[in-house]
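Understanding the architecture of this molecule
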Amino acid sequence: MANIFDYLSWRGDLTIEQDSFNDVDAVILSRLSYLPFDHIVKESFEETITLREAANLYFSCEQNNGRELWKGDLDLLRATSKSARFSQIKLCGFCNMVVDRLEMQFAALIFDIDNSKRFVSFRGTDNTVTGWQEDFNMYCMSPVPSQIKAADYFKKAAQHFDGSFILGGHSKGGNLAIFAGAFCGSKTQERIELIYNLDGPGFEKKVWNSEGMLDIRNKIRTLVPQSSIFGMMFEHQEDFIIIKSNQKGFFQHDIYSWEVENSRLVTLQSLTSTSAFFEHTFSEFVTKMSIEDRRELVEGIFSLLKSTEDQTFNEIVSHLSKDAMPMLRSIKSMSGKTRLLIISSLMRFIKCAMNNFSDFKPISKIKATKTTTITTT
């Protein structure tokens, strides 16, 4: 079945002015913010560069080899930069921050679709240990630093540019796009056309019930694959559309597996039982833990990972033999309470999974509302 590369082959010869912006375009622009455009796209909103120019600079620098996060990202950059549809789109405002002391990972990029409309693309989680720790922190604090940064970033962009905006992001980036839209102020909200959340997690109930969120809820367009796992985490009160993926399980999170027919994403009528199983298992596991235990569990797990002094999961995997001793020393230095919490949490999660294994059937909902509540502070 066709994917976004087939779409680029079929529709790439027509500019957005010739054929209007659609969901597949949003998926593509949301993915491009994952590319390491450091030193290529300026952080300033005033200095722009076309996508073709940015791609040429990227591929001309040997230091960029291997820096892409996901298989297919370089092919996407190459294909879009050669297409009439995307090559002349202007890029600006590239921000990429990983701040260990704040446990924050944030990146964003602005695409000038035309002189009156811009797409703000928020990057999802990268492969840094800090980025993943911030994701886990969502279970024990709200808001997390990247959410606050996303709202601030968008407010500054809205002050600089006239016209309307489309916000979007994949995975955590989708969560950031919604948060930025909800907490940017009512005047700025009026300039938002759509907010794309591509298989991104939801929020706790108090965020959904906030005035800013209520004002933009009808602008949110959430897309999830049929066996969504990441996108079903936390509470969702917005409608969502189920997209057909040609992968299974966790690998459906990969947007390159999402099927496309002409200029639209292929939709399905139901989520699979796999999605329901993981959603309920994670929810049951978390809701039975206190805020303090969640926080201590996350800190304990990531203290082990950070004891290696590796910055990314790729480095940890490639240095397993070298990292074994620092991790063992870190385990020994933990308090007995923390060690017991990690072990008991693992056993509790396994128990939740076993209890839920045979209980779930496909969820037949295109328009759906989740009601799971996870409290944080």
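The structure contained in this document is the topic of the report that follows. (Residues numbered from 1 in each chain as written. Predicted model: local features only at pLDDT ≥ 70, side-chain atom pairs only at ≥ 80, totals over all residues. Heavy atoms only, no water.)

1. Digging into the pairing of strand β2 (residues 90-99)
In this structure, strand β1 (residues 49-50) lies alongside β2, joined through two bridges in antiparallel fashion. Across the sheet, the residue bridging to I49 is L91, located in β2. Between β2 and strand β3 (residues 104-114), which follow one another and run antiparallel, lie four residues, and E103 among them has a positive phi close to 55°. (Pairing = 2+ DSSP bridges. Helix = DSSP H or I, 4+ residues; strand = E, 2+ residues; numbered from the N terminus.)

2. A short note on unusual backbone geometry
Geometrically, the link from S142 to P143 is a cis peptide bond, its omega value of 0° lying close to zero. Structurally, the position occupied by P143 is in the loop between α5 (129-137) and α6 (145-160). Despite not being glycine, S171 shows a phi value in the positive range, around 60°. Inspection of the secondary structure assignment puts S171 in the loop between β5 (164-170) and α7 (172-182). Residue S171 is classed as buried on the basis of its relative accessible area, which comes to 10%. (Buried < 20%, exposed > 50% of the residue type's maximum accessible area, 1.4 Å probe, protein only.)

3. A closer look at the pattern of salt bridges
What the rule picks out here adds up to twelve salt bridges. Here D23 makes a salt bridge to R221, at a shortest N to O gap of 2.8 Å. Taken as a pair, D23 in helix α2 (residues 23-32) and R221 in strand β7 (residues 220-225) lie far apart in primary sequence, 198 residues in all. Under the relative-accessibility criterion, D23 is labelled buried at 17%. Using a relative accessible area of 29% as the deciding quantity, one classes R221 as partly exposed. Taking the shortest distance from any N to any O, the salt bridge between K117 and E193 comes out at 3.3 Å. Here the residue K117 occupies a position in strand β4 (residues 117-122), and E193 occupies one in strand β6 (residues 192-198), the gap between them amounting to 76 residues. If you follow the salt bridges from partner to partner, you end up with R11, D19, D25 and R85 in one network. (Salt bridge = Lys/Arg side-chain N within 4 Å of Asp/Glu carboxyl O.)

Function cannot be read off these values alone, since they describe shape.
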